[in-house]
Amino acid sequence: MTGTRPRRGRARRGRSRRGGFADLALALLVLGAVALAGAYAPLLREAETLRGTARVADGDSLILDGERVRLQGIDAPELTQTCTRAGADYSCGREAREALARLVAGRAVSCESRQRDRYERVLATCAAGGVEVNRAMVEAGWAVAYGDYRDAEAAARQAGRGLWAGSFERPQDWRRIHGGIAEESHDWLSPMVGWLRRLFGG
């Protein structure tokens, strides 16, 4: 009789631990569902369209109809960022801005968006003169894929266009090293990460 009691105690502790793990798993599942609902609800609303003459802010953002528009799915060098080409440094951030300016110059711009980023910038896919400028910037090598357009980046890299003609730090790495703003990649997971960050005050 004395030998059975410890086993029962251990069994009760084992069931208690399993119950605790189950409760934790359920809580994480509920939190995940709430996070998904909060993060992706804006994507279900009707697309917002902005049209007009755009002013170029940098290689991946425009000012259009009074709104700051961040080109979705791409990342261009920061304005003060330098890269290397033919053994010399050059202002790749300014060249990226000039490349975007050439794409939109004198053309009506139309941007479609369903969401904003953590800085309340409109995240959008934009076109000018029938050309999708998000893709065109990556194809020209003046922006890299940032959640989309990986095929265009691979083609630009293989052809040695734009940034790929020399060496450079990816803009997200440059921002982290030089104290730029933190920005999540524009992939499917980022809206949930951003929603959780806002929820917990991050």
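The following paragraphs examine the structure supplied in this document. Being a predicted model, the structure only gives us computed values, none of them experimental. (Residues numbered from 1 in each chain as written. Predicted model: local features only at pLDDT ≥ 70, side-chain atom pairs only at ≥ 80, totals over all residues. Heavy atoms only, no water.)

Let us now look at unusual backbone geometry. The general pattern is negative phi for most residues beyond glycine and trans for most peptide bonds. For Ala86, which is not glycine, the phi torsion reads 55° and is therefore positive. Inspection of the secondary structure assignment puts Ala86 in the loop between strand S6 (83–85) and strand S7 (88–90). Located in the positive-phi region is Tyr149, a residue other than glycine, with phi close to 65°. Checked against the element boundaries, Tyr149 lands in the loop between strand S11 (144–145) and helix H4 (150–159). Look at Tyr149 and you get buried, because its relative accessible area is 5%. (Helix = DSSP H or I, 4+ residues; strand = E, 2+ residues; numbered from the N terminus. Buried < 20%, exposed > 50% of the residue type's maximum accessible area, 1.4 Å probe, protein only.)

This part takes up the state of the cysteines. In the structure shown here, the tally under the stated rule is two disulfides. Sequential numbering of the bridged cysteines in the protein gives the disulfide pattern 1-2, 3-4. (Disulfide = S-S within 2.5 Å.)

Okay, the nonpolar core next. Leu62, Val69, Leu100, Val104, Val109, Cys111 and Cys126 are the most contacted members of the largest nonpolar core, which has 33 residues in total. Elements with a contribution of two residues or more to this core: strand S3 (61–64), strand S4 (67–71), helix H2 (92–104), strand S8 (109–116), strand S9 (122–128), helix H3 (133–139) and H4. Residue contributions to this core peak at five residues, all from H2. Discounting chain neighbours no more than four positions away, the residues touching Cys111 are Glu48, Thr49, Leu50, Leu62, Leu64, Val69, Ala124, Thr125 and Cys126. (Core = buried A, V, L, I, M, F, W, Y, C linked by side-chain atoms within 4.5 Å. Contact = heavy atoms within 4.5 Å.)

Remember, this is a structural readout, not a statement about activity or role.
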